[in-house]
Amino acid sequence: MAVHVANEKRRDTPAAGPLDPARLRADFPILAATVRGNPLVYLDNAATTQKPRAVIDAIARYYTEYNANVHRGVHYLSQIATQAYDEARRKAAAFLGATVDCEVIFTRGATESINLVAHSYGRQRVLPGDEILITGMEHHSNIVPWQILCKETGATLRVVPVDDDGNLVMEEFDRLLNEHTRLVAVTHVSNALGTVNPIRDIAARAHAVGAAVLVDGAQSAPHMPVNVRELGCDFFVCSGHKMYGPTGIGLLYGRAELLDAMPPYQSGGDMILSVTFEKTIYGRLPSKFEAGTPHIEGAVGLAAALDYLNAVGLGAIAAYERSLLRYAESALRVVPGLRLMGAPRKRAGVIAFTMDAAHPHDISQVLDEAGVAIRAGHHCAQPVMQRFGVPASARASFALYNTREDVDALVQALHEVNRIFA
Ligand code: PLP
């Protein structure tokens, strides 16, 4: 029999309170895996997080109990699926602090959310002579769409530089911001450095010259409480798979007034009120931006992930991960020949480094032999690598289930890198 999961009390979500990583680890089946004979130490969470049983079960329940298309049927299963899909949006809106549910659009991820804004808002609002202001620590997905927009519209892309510690040079931000700035697109947390940017301040200054503000929250939403109204941003984007949810689903928050005035990004079924060969009347928010059958399974899984995050508590996650990062920073400093990339005033989620003895790819290969999963490369942030004069870095990135033992395993494997290569 079909079960309506939307308001179902989850048995396997943790109770709110101080974060107990040992208990939380048991919620993630994959963390019991061994890799090449060693217990898995998963430190590639900025790329994607592992999924708790609650998310896996929610997706399985959708397919075993109420799989149907949404918004299209009066039959029972379609009603239940539609309810679950709408409930997922309600949860996402509450999670981000949106004023109304329709300010949240489901997309494929942060990348598509940024592309939606660049295509729709950008092509409507950006004119020759306008400027788009980004920063030197953006992920490629918050660079390339703006480059393309500038090329098409005759606008200019400006870039706020990054200092040696990995902080934005705010004096330069002030210098570059002017009445021609149409949009400021800035990452909340850098995926290459871990820097937490002062978004509230940036948004206030941008609004003072009449610019809109898009915040790339791909690396902040999993790690700290986010409230788009407190941040003061106009758009906020994030990816479900980096927040313990499934791949292929992401969120775009946009202020209703802006979304309302924006033209559709894609077109077809589900995004219309009426169609004749002469004229189409577009649907209202949020359907105007969700053409075609949506990622229902993704929305259901993401809703379960948000429930999970809320139950653990974003404040508790932020505090726990902060202390784990401090522990990791001092543990890594004792590895001979290891250089941390940047020392940002405020860091979340990520620590990147290079070693004298070995290229990041060799480092990650040796670590893999020990069951330690990190990432090596440019992390889709090549301008950051250029800024720090390296082709690539090794990056350990953390989640709520990582422990000091994980950090110790990382450090031990890095000593092995030195033993092999130095
Ligand atoms: N922005 C940042 C800061 C990221 O770290 C990433 C992914 O690593 C993205 C955007 C793109 O996310 P997705 O590939 O899920 O669209």
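About the thresholds
- Sequence positions are assigned chain by chain, starting from 1 and proceeding in written order.
- Predicted model: local features are reported for residues with pLDDT of at least 70 only, side-chain atom pairs are reported and counted for 80 or more only, and whole-chain, interface and lining totals are derived from all residues.
- As a convention, hydrogens and water are excluded, and side-chain values are obtained from all of the structure's heavy atoms.
- Note on definitions: the grid is 1 Å and covers protein atoms alone; a cavity is a set of points where a 1.4 Å probe fits but cannot get out; a pocket is an open set with protein on both sides within 12 Å along at least five of seven lines; lining residues have an atom within 4 Å of a point.
- Grid points are joined across faces, edges and corners, and a volume is the space filled by probe spheres set on the points.
- Helix and strand labels come from DSSP, where a helix needs a run of H or I of at least four residues and a strand needs a run of E of at least two; each type is numbered from the N terminus.
- Gly is placed with the polar residues, together with every amino acid not listed as nonpolar (Ala, Val, Leu, Ile, Met, Phe, Trp, Tyr, Cys and Pro) or charged (Asp, Glu, Lys and Arg).
- Boundaries of every domain are those given by an automatic assignment or by a domain database.
- A pair of strands is labelled paired if DSSP reports no fewer than 2 bridges between them.
- To obtain an axis, a line is fitted to C-alpha atoms, over the contacting stretch when the element is a helix, and the angle between two such axes runs from 0 to 180 degrees between their N-to-C directions.
- Contacts are assigned to residue pairs that have any heavy atoms within 4.5 Å of one another.
- For each residue, the test is whether any non-hydrogen atom lies within 4 Å of the molecule or strand; if one does, the residue is near.
- Nitrogen and oxygen atoms within 3.5 Å of one another constitute a polar contact, given that in protein one can donate a hydrogen and the other can accept it, and given that sequence-neighbouring residues count only through two side-chain atoms.
- Values of accessible area rely on a 1.4 Å probe in the Shrake-Rupley scheme; residue burial ignores everything except the protein chains shown.
- In this analysis, a patch consists of residues with relative accessible area above 30% that form no salt bridge, clustered at 9 Å for like charges and at 5 Å for the nonpolar side chains Val, Leu, Ile, Met, Phe, Trp and Tyr.
- We define a salt bridge as a side-chain nitrogen of Lys or Arg found within 4 Å of a carboxyl oxygen belonging to Asp or Glu.
- Type-normalised accessible area, obtained with a 1.4 Å probe on protein chains alone, sets the label of each residue: buried when under 20%, exposed when over 50%, and partly exposed for intermediate values.
- Joining through side-chain atoms within 4.5 Å is the link that ties buried Ala, Val, Leu, Ile, Met, Phe, Trp, Tyr and Cys residues into a set, and such a set is a nonpolar core.

*Asks:* Just to check I follow, could you spell out the layout of surface pockets for this structure?
*Replies:* Here the idea is plain: a probe the size of a water molecule rolls over the atoms and shows the empty space left. The computed volume of the largest pocket comes to approximately 650 Å³. What lines the largest pocket is a set of 33 residues, among which Val196, Met224, Lys346, Arg347 and Ala348 lie closest to the centre. Those elements that provide at least two residues to the lining of the largest pocket are helix H7 (199-208), helix H8 (228-231) and helix H11 (314-333). Here the element with the most residues in the lining of the largest pocket is H11; it accounts for seven residues. For the lining of the largest pocket, a count of residues per class yields 14 nonpolar, eight polar and 11 charged. When residues are assigned to domains, the lining of the largest pocket turns out to be shared by domain 1 (41-49 + 313-421) and domain 2 (76-310), each giving three or more. For the lining of the second largest pocket, the secondary structure elements donating two or more residues are helix H4 (110-125) and strand E16 (375-377). When residues in the lining of the second largest pocket are grouped by element, the largest group, four residues, is from H4. For the lining of the second largest pocket, a count of residues per class yields eight nonpolar, 16 polar and seven charged. Each of domain 1 (41-49 + 313-421) and domain 2 (76-310) contributes no fewer than three residues to the lining of the second largest pocket.

*Asks:* It is not clear to me how the sheet that holds strand E17 (residues 393-397) should be interpreted in this structure. Could you clarify?
*Replies:* Two pairing modes exist for strands in a sheet, parallel and antiparallel, and in both the strands are linked by backbone hydrogen bonds. Reading across from one edge, E13-E14-E17-E16 is the order of the four strands in this open sheet, with antiparallel pairing throughout. At either end of the open sheet lies a strand with only one pairing partner, and these are strand E13 (338-340) and E16. Neighbour to neighbour, the strand axes of the sheet diverge by 30 degrees on average, direction disregarded. Where E16 lies against E17, three bridges are found, and the strand directions are antiparallel. Looking at E17, one finds that Ala376 is bridged to Ala394. Lying over the sheet, helix H12 (residues 360-369) contacts strand E14 (350-355), E16 and E17, oriented at roughly 160 degrees with respect to E16.

*Asks:* Help me understand the site of the ligand in this model?
*Replies:* Not every one of the 13 residues close to the ligand is listed here, only the nearest: Thr111, Asp216, Gln219, Ser239 and Lys242. Asp216 is positioned such that a nitrogen or oxygen atom in its side chain is 2.5 Å from a nitrogen atom of the ligand. In isolation the ligand has 390 Å² of accessible area, and contact with the protein removes 86% of it.

*Asks:* Would you mind going over a nonpolar patch on the surface with me for this structure?
*Replies:* Side chains of Ile272, Val275 and Tyr282 sit close together on the surface and give an oily, nonpolar patch of about 260 Å² of accessible area. One can find Val275 in strand E11 (residues 272-275). The class of Val275 is exposed, set by a relative accessible area of 53%.

*Asks:* Sorry if this is basic, but what is going on with the nonpolar core here?
*Replies:* Here is a general trend for soluble globular proteins: nonpolar side chains tend to be buried in one another's company. Core analysis: the biggest nonpolar cluster contains 111 residues, and Val184, Phe236, Ile363, Leu400 and Leu414 have the highest contact counts within it. Element by element, the count of residues in this core is highest for helix H10 (residues 296-312), at 11 residues. Taken together, domain 1 (41-49 + 313-421) and domain 2 (76-310) each give at least three residues to this core, which thus spans both. Among all residues touching Ile363, those that are not within four sequence positions of it are Phe353, Met355, Ala358, Ile374, Ala394, Leu414 and Val417. By size, the runner-up hydrophobic cluster in this structure holds 28 residues, among which are Ala110, Val117, Ala155 and Phe289.

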